[in-house]
Amino acid sequence: RSVTGVQTCALPISLTVTRRGDGARYMLSAGSNTTLEILKHLWETTREERFRQVRCVVQPYEGETRLLAQHLGENLNRGGMRFWEVAKGMAELLAMIEAERGGGPMSVRDQAEALTSRGLRADKTSVSRWRFAAERLDMLGPVASRLTRLDVGDLIQPRLTLLRLLASRFAIDETTYWSEIVEPVLAAIAIDRDWHGSEGFDANG
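The following refers to the structure shown.

Conventions and cut-offs
Residues numbered from 1 in each chain as written. Predicted model: local features only at pLDDT ≥ 70, side-chain atom pairs only at ≥ 80, totals over all residues. Heavy atoms only, no water. Pairing = 2+ DSSP bridges. Helix = DSSP H or I, 4+ residues; strand = E, 2+ residues; numbered from the N terminus. 1 Å grid on protein atoms, 1.4 Å probe; cavity = no way out; pocket = protein on both sides within 12 Å on 5 of 7 lines; lining within 4 Å. Points joined across faces, edges and corners; volume = space filled by probe spheres on them. Nonpolar A, V, L, I, M, F, W, Y, C, P; charged D, E, K, R; others polar. Salt bridge = Lys/Arg side-chain N within 4 Å of Asp/Glu carboxyl O. Buried < 20%, exposed > 50% of the residue type's maximum accessible area, 1.4 Å probe, protein only. Patch = residues over 30% accessible without salt bridge, like charges linked within 9 Å, V, L, I, M, F, W, Y side chains within 5 Å. Areas by Shrake-Rupley, 256 points an atom, 1.4 Å probe, with all protein chains shown as cover. Core = buried A, V, L, I, M, F, W, Y, C linked by side-chain atoms within 4.5 Å.

1. As for the sheet that holds strand β2 (residues 27–28)
The strand order across the open sheet formed by three strands is β2-β1-β3, and the pairing between neighbours is mixed. Either end of the sheet is taken by a strand with one partner, and the two such strands are β2 and β3 (55–58). Bridging between strand β1 (residues 14–18) and β3 involves four bridges; their strand directions are parallel. Residue pairing in the sheet places L15 in a bridge with C56 of β3.

So, in structure tokens, the structure goes:
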């Protein structure tokens, strides 16, 4: 049920909502996704009116980065997010933060601190893995969703970094290395077999 205003009922729970400006539709804010799913289930199961309309608390809109950080934080707390989903979400959020700052690329330390200040658990190692996965492994297509933190941090990232150093000794620049050597291989892996099947992805393969 979309939120169009502030409503009340007898339930001792509430949804936190916000909106981008006067006249804009209300949308869920911090910590309300789980509550909404529970309410939807209760309404579909019982059809009791008290589960259809609930009290909504309006939170001031604090920008897109704050909103995305809140949703990411809630999804992480719920568990079940795959590494690839986390990496894409964090990379998107960091790109938004960099754009807001307008000061060019941030150091890995600054990125970790920016995420932490928005309530997300992050360190330099995690940031490095997230950004590498989101920026360099997208050519894997559906295979990417099967990647784990260890696949990227312990196998793929260090090996491709060492290979890049080797390529530089043969006067292969970084752009050529990624576009003409790595990306075609990743694309071939993506179409090599039906990755939607039950067989897992082996980063050692």
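After that view, the rundown keeps rolling.
2. Thoughts on the layout of surface pockets
Its volume calculated, the second largest pocket comes out at about 290 Å³. In terms of lining, the second largest pocket is formed by 14 residues, of which the most central are S128, F132, E135, R136 and Q157. Secondary-structure elements contributing two or more residues to the lining of the second largest pocket are α4 (108–117), α5 (124–136), α6 (149–169) and α7 (174–191). Here the lining of the second largest pocket gets six residues from one element, more than from any other, and that element is α5. Its residues placed into classes, the lining of the second largest pocket shows five nonpolar, four polar and five charged.

3. Side note on the pattern of salt bridges
This model, assessed by the stated rule, comprises eight salt bridges. Note that E64 and R20 form a salt bridge whose closest N and O atoms lie 2.6 Å from each other. Note that E64 is positioned in helix α2 (residues 64–78) and R20 in the loop between β1 and β2, a separation of 44 residues in sequence. Residue E64 is classed as partly exposed on the basis of its relative accessible area of 28%. Linking E174 and R136 is a salt bridge whose minimum nitrogen-to-oxygen distance equals 3.5 Å. Remark: R136 occurs in helix α5 and E174 occurs in helix α7; sequence separation between them is 38 residues.

4. Topic: the environment of G63
Examined against the element boundaries, G63 turns out to sit in the loop between β3 and α2. Placed 44 residues apart in sequence, G63 and R19 show a C-alpha to C-alpha distance of 9.8 Å.

5. A look at a nonpolar patch on the surface
A cluster of nonpolar side chains, namely L163, L166, F170 and I181, defines an oily patch on the protein surface of about 380 Å² accessible area. Mapped onto the elements, I181 comes out in helix α7. According to the relative accessible area criterion, I181 is partly exposed, its value standing at 33%.

6. A few points about the nonpolar core
Of all hydrophobic cores here, the largest spans 33 residues; its most connected members are L93, L115, W130, L137, L147 and L160. Taken together, the elements giving at least two residues each to this core come down to α2, α3 (83–101), α4, α5, α6 and α7. Examining the composition of this core, we find that eight residues originate from one element, α3, more than from any other. The next biggest cluster of nonpolar side chains, apart from the first, holds nine residues, and it includes Y26, F51, V54 and C56.

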